[in-house]
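Here is what each chain is made of, one letter per residue.
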Amino acid sequence: MFFPMVFLKLANWVLYQLLANSCYRAARKVMNYGFFIRNQTPRSSSQQQAGSLFPGVAHFDLGNDIRSPRTLVCDIHGVLLRTDTFFPYFMLVAFEGGSILRAFLLLLSCSFLWVLDYELKLRVMIFISFCGLRKRNIESIAMAVLPKFYLENLNLQAYQVWSKTGSRVVFTSIPRVMVQGFLKEYMNVDDVVGTELHTVGNRFTGLLSTSGLLVKHKSLKGYFGDKQPDVGLGSSSHLDHQFISLCKEAYVMDSRNNQSSVMPRDKYPKPLIFHDGRLAFLPTPSATLCMFLWLPFGIVLAIFRILVGICLPYRLVILCGSLSGVQLRFQGCFPSPKSQHKKGVLYVCTHKTLLDPVFLSTALCKPLTAVTYSLSKMSEIIAPIRTVRLTRDRKQDGETMQKLLSEGDLVICPEGTTCREPYLLRFSSLFAELADDIVPVAMNAHVTMFYGTTASGLKWLDPIFFLMNPRPSYHVQILGKVPPEFTCAGGRSSFEVANYIQRKLADALGFECTTLTRRDKYLMLAGNEGVVNDNKRN
């Protein structure tokens, strides 16, 4: 009964809302913008006059560093965020929460969205992005995927005002489920009042609830009653002017997206350490179109790069990889091929993708053995080096790695999981008890289109997504061997050795050390402890 009910409601909305209420407005927009470019000067000048009704945000008295007890109200769209449209965030929901087909359908909708008014645009994007998706999946995306893009597009001027107030309430016509997680976790908002979506069971229908699209000035009156909020921030639109006119003080954001509004990373309200999702770029309509045009070539290119890594000798792998667009940079102290010890060398790497051991093996031009906690069958098949799974039993894993070291050189990533941002997670100390020949390796990777890691998706696709990037880059920096006095043989504890190597690698990369673990990452991004069952790996 779920889908028939959805389609019946959709048909009712199309007949009585879309056609009856917007055909005239759409026709006027086509006349004004589609064929005859006119009335633009009067429109922009009227907007400028309207904008002058309230002072710009630069006139807000930031004063000292002490936060005042005043109440601030604003919208996230057009105020807290610098982006002009919310389309990219709906695209992230459609792509990450739905499928590539849903994302393509949303992209196709751009062909007619431009003739619709603001309310109808939102309704169409909400329906395409949300219809049939589970509430749990959307809530996960709102916490694990969207915050990265929100933070990157946060308006510095708006945040400076935000940080000076004691109480903050956000009123937005954007679906509340898309923004509440970010605003609560990163912005310390007191309350979020947004558009509510209709659900059947645990799934969204893609339609609005009975309350409809939120009207900000009406919601503000209903929320505060006779009490006036102290400060209101708004955009230059007349609807926002109605909204902020109900406040004691009102300020308008500068519509020019200049450099002064860009939020530097070191000023983020909260450090961004973990995030999930495949898309590494903000999916604006033009950027999304480029992605879909690239996809067929990217898939072929990824298969070619995998075959090159499996079939060709190391020197040719480096040459063909570079010719195919993979940017490789190897530097550092390469160990002597002849070891003075019977045991192999233990290479301790930072963890950026599943391909870390492969690129290290390529840099050294010799085969290595890699140990890992969770590896899919597909990744094992396409891996050009030997891989061995660990069991998370400390004693058993220690015996396994001791045996592998007696057979040759071994690669281990003691963080236990990947981290996309410039932070190092806590190092497991087990490796320090196994060998005295320890070589730290600083690994770093950069992508422009797809991330080659995931916490909640299909892990066997990780290498493929990474290699689908037009110009992925890998930097392998081999540091010198750990001095004997900083090993367990030199009297150090395994924890001291692990912390020393973590700091050394962080310094080499310009990263920051943390005490966070694999468990912390997966609890935040996937709602589990990161233990992947065999049936989910495949």
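Residues numbered from 1 in each chain as written. Predicted model: local features only at pLDDT ≥ 70, side-chain atom pairs only at ≥ 80, totals over all residues. Heavy atoms only, no water.

Trainee: Honestly, the overall build of the chain in this entry has me stumped. Any pointers?
Mentor: Looking only at helices and strands, the chain features 22 helices and 16 strands. Taking all 538 residues of the chain together, the buried fraction comes to 52%. Put simply, of all contacts in the chain between residues at least 6 apart along the chain, 75% involve residues at least 24 apart. Summing over all exposed atoms, the chain offers an accessible surface of approximately 25500 Å²; the carbon and sulfur share of this is 57%. (Helix = DSSP H or I, 4+ residues; strand = E, 2+ residues; numbered from the N terminus. Buried < 20%, exposed > 50% of the residue type's maximum accessible area, 1.4 Å probe, protein only. Contact = heavy atoms within 4.5 Å. Areas by Shrake-Rupley, 256 points an atom, 1.4 Å probe, with all protein chains shown as cover.)

Trainee: How should the pattern of salt bridges be read in this particular structure?
Mentor: Taken as a whole and assessed by the stated rule, the structure comprises 16 salt bridges. Across the pair Glu-196 and Arg-176 runs a salt bridge, and its minimum N-O distance is 2.5 Å. With Glu-196 in the loop between strand E3 (191–195) and strand E4 (197–200) and Arg-176 in helix H11 (residues 176–185), this pair connects stretches of sequence that are 20 residues apart. Relative accessible area serves as the criterion here: at 30%, Glu-196 is assigned to the partly exposed category. The salt bridge partner of Asp-230 is Lys-248, with a shortest N-O separation of 3.4 Å. Of the two residues, Asp-230 sits in the loop between helix H12 (216–224) and strand E6 (231–234) while Lys-248 sits in the loop between helix H13 (238–244) and strand E7 (249–252), which places them 18 residues apart along the sequence. Where salt bridges share partners, they join Asp-75, Lys-216 and Asp-240 into one cluster. (Salt bridge = Lys/Arg side-chain N within 4 Å of Asp/Glu carboxyl O.)

Trainee: When you look at the packing of helix H4 (residues 87–98) against helix H7 (residues 118–130) in this model, what are you seeing that I'm missing?
Mentor: Two quantities define a packed helix pair, namely the angle between the helix axes and the distance between the axes. Where H4 contacts H7, the two axes come as close as 8 Å, and the packing angle between them is 20°. Classified by the angle between their axes, H4 and H7 sit roughly parallel to one another. Considering how the two elements wind past one another, H4 and H7 form a crossing that is left-handed. From H4, Phe-87, Phe-90, Val-93 and Ala-94 reach across to H7, where they touch Leu-122, Met-125, Ile-126, Ser-129 and Phe-130. A breakdown of the residues in the contact of H4 with H7 according to their chemical character gives eight nonpolar, one polar and no charged. (Axes fitted to C-alpha atoms, helices over the stretch in contact; angles between N-to-C directions. Parallel < 35°, antiparallel > 145°, perpendicular 65-115°, else oblique. Left-handed = near helix turned anticlockwise from the far one by under 90°. Nonpolar A, V, L, I, M, F, W, Y, C, P; charged D, E, K, R; others polar.)

Trainee: So what exactly am I meant to see when it comes to the side chain of Asp-409 here?
Mentor: Structurally, the position occupied by Asp-409 is in the loop between helix H18 (394–407) and strand E12 (410–412). Within the structure, Asp-409 has its side chain in polar contact with the backbone nitrogen of Val-345 (distance 2.8 Å). Reaching out from Asp-409, the side chain makes a polar contact with the side chain of Lys-366 at a distance of 2.5 Å. When near neighbours in sequence (up to four residues on either side) are disregarded, Asp-409 contacts Gly-344, Val-345, Tyr-347, Lys-366, Leu-368 and Thr-369. (Polar contact = N/O pair within 3.5 Å; in protein donor to acceptor, adjacent residues only side chain to side chain.)

Trainee: Looking at this model, I keep getting lost on the state of the cysteines. Mind explaining?
Mentor: When the sulfur atoms of two cysteines share a covalent bond, that bond is a disulfide. This structure, assessed with the given rule, holds zero disulfides. The thiol of Cys-349 is not disulfide-bonded; the next cysteine sulfur, from Cys-413, is found 5.1 Å away. Of the residues examined, Cys-349 reaches a relative accessible area of 0% and is grouped as buried. (Disulfide = S-S within 2.5 Å.)

Trainee: Quick question: what am I supposed to make of the sheet that holds E3 here?
Mentor: Hydrogen bonding along the main chain pairs the strands of a sheet, whether they run parallel or antiparallel. Pairing within the open sheet is parallel, and its five strands lie in the order E3-E2-E1-E6-E7. The sheet is open, and its two edges are formed by E3 and E7, each paired on a single side. If you compare each strand with its neighbour and ignore which way they point, the axes differ by 20° on average. Note that strand E1 (residues 68–74) and strand E2 (residues 165–175) share five bridges and pair parallel. By the bridge assignment for E2, Leu-72 is matched with Arg-168. On the sheet, helix H10 (residues 156–163) packs against E1, E2 and E6 and is oriented at approximately 135° with respect to E2. (Pairing = 2+ DSSP bridges.)

Trainee: Explanation requested: H7 in the structure shown.
Mentor: An ideal rise of 1.5 Å per residue puts 18 Å on 13 residues; H7 measures up with 18 Å between its terminal C-alpha atoms. Of the residues making up H7, those classed as buried are Leu-120, Leu-122, Arg-123, Val-124, Met-125, Ile-126, Phe-127, Ile-128, Ser-129 and Phe-130. (Expected span 1.5 Å × (residues − 1).)

Trainee: Please explain the packing of aromatic side chains as it appears in this structure.
Mentor: Centre-to-centre distance and the angle between the planes together describe a pair of aromatic rings. By the definition in use, this model includes 19 aromatic pairs. Where Tyr-223 meets Phe-224, the ring centres are 4.9 Å apart and the plane angle is 65°; that geometry is what we call edge-to-face. Judged by its relative accessible area of 16%, Phe-224 is buried. Three or more aromatic residues link up through ring pairs in this structure, and these residues are Phe-86, Tyr-89, Phe-90, Tyr-150, Phe-182 and Tyr-186. Directly above the aromatic system of Tyr-451 lies the positively charged group of Arg-420, at a separation of 3.9 Å from the ring centroid. (Phe/Tyr/Trp six-rings, centres within 6.5 Å; stacked < 30°, edge-to-face > 60°. Lys NZ or Arg CZ within 6 Å of the ring centre and 35° of its normal.)

Trainee: What should I look at first to understand the nonpolar core in this one?
Mentor: Generally speaking, soluble globular proteins have nonpolar side chains that are buried together. Counting residues in hydrophobic clusters, the biggest one holds 105 residues, and the most contacted among them are Leu-80, Phe-130, Met-178, Leu-183, Leu-233 and Leu-360. Among residues more than four places away in sequence, those in contact with Leu-233 are Val-57, Leu-72, Val-73, Cys-74, Asp-75, Val-79, Ala-158, Val-161, Phe-243, Ile-244, Tyr-251 and Met-253. In this structure, Leu-434, Val-497, Ala-498 and Tyr-500 belong to the second largest nonpolar core, which totals 29 residues. (Core = buried A, V, L, I, M, F, W, Y, C linked by side-chain atoms within 4.5 Å.)

Trainee: Is there a simple way to think about the side chain of Lys-148 in this case?
Mentor: Here Lys-148 is to be found in helix H9 (residues 146–152). Classification of Lys-148 as buried rests on a relative accessible area of 3%. In terms of polar contacts, Lys-148 uses its side chain to reach the side chain of Glu-152, at 2.9 Å. Leaving out residues up to four positions away in the same chain, Lys-148 has contacts with Leu-272, His-275, Ala-280 and Tyr-451.

Trainee: Any chance you could explain the packing of helix H8 (residues 135–144) against H11 here in plain terms?
Mentor: The N-to-C vectors of H8 and H11 enclose an angle of 40°; their axes lie 8 Å apart at closest approach. By the angle class used here, H8 and H11 are oblique. You can see that H8 and H11 cross each other, and the crossing is right-handed. Along its contact with H8, which presents Ile-138, Glu-139, Ala-142 and Met-143, the element H11 presents Val-177, Met-178, Gly-181, Phe-182 and Glu-185. The residue makeup of the contact of H8 with H11, split by class, is six nonpolar, one polar and two charged.

Remember that the coordinates give geometry; whether it matters functionally is a separate question.
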